[in-house]
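Topology and contacts: notes
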Amino acid sequence: MTAKERDILQSNLSKQGIETEISVAIEEAAELTKELTKKLRGMSSDKKICEEIADLQIVLDQLTMYFDPDDEKIRLFRQFKIKRLDMFYVKGDHQ
Ligand SMILES: [Mg+2]
């Protein structure tokens, strides 16, 4: 994310407030869910799914700014969970 994008998202978060952005996150997650289920039925496009992923990423960036401004807790959770994926599913240590 560029510094300019970060400023825009931070300004939007400050203007709209966390309650609104939580609502938007729920809506965007539902919209991506809808497109993914449509994809399974052959009724969506990769372009539409990419649009919904972008929408969700934008609002998740704002939630990150609010809940984990230093991005440290999320980074550590990601690191742990990606390592767990590698152990259990990539290397097959789950059997
Ligand atoms: Mg959307």
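Residues numbered from 1 in each chain as written. Predicted model: local features only at pLDDT ≥ 70, side-chain atom pairs only at ≥ 80, totals over all residues.

1. Regarding the packing of helix H2 (residues 18-40) against helix H3 (residues 46-67)
At their nearest, the axes of H2 and H3 sit 9 Å apart, and the two run at 155° to each other. It follows that H2 is roughly antiparallel to H3 by the angle criterion. Two packed elements cross with a definite hand, and for H2 against H3 that hand is left-handed. For the pair H2 and H3, the contacting residues are Ile18, Glu21, Val24, Ala25, Glu28, Ala29, Glu31, Leu32, Glu35, Leu36 and Lys39 in the first and Lys48, Ile49, Glu52, Ile53, Asp55, Leu56, Val59, Leu60, Gln62, Leu63 and Tyr66 in the second. Taken together, the residues of the contact of H2 with H3 break down into 13 nonpolar, one polar and eight charged. (Axes fitted to C-alpha atoms, helices over the stretch in contact; angles between N-to-C directions. Helix = DSSP H or I, 4+ residues; strand = E, 2+ residues; numbered from the N terminus. Parallel < 35°, antiparallel > 145°, perpendicular 65-115°, else oblique. Left-handed = near helix turned anticlockwise from the far one by under 90°. Contact = placed C-beta atoms within 7 Å. Nonpolar A, V, L, I, M, F, W, Y, C, P; charged D, E, K, R; others polar.)

2. As for the environment of glutamate 19
Looking at the secondary structure, you find glutamate 19 in helix H2. On the neighbour-count criterion, glutamate 19 (8 C-beta atoms within 10 Å) is exposed. (Buried ≥ 20, exposed ≤ 12 C-beta atoms within 10 Å, placed from the backbone.)

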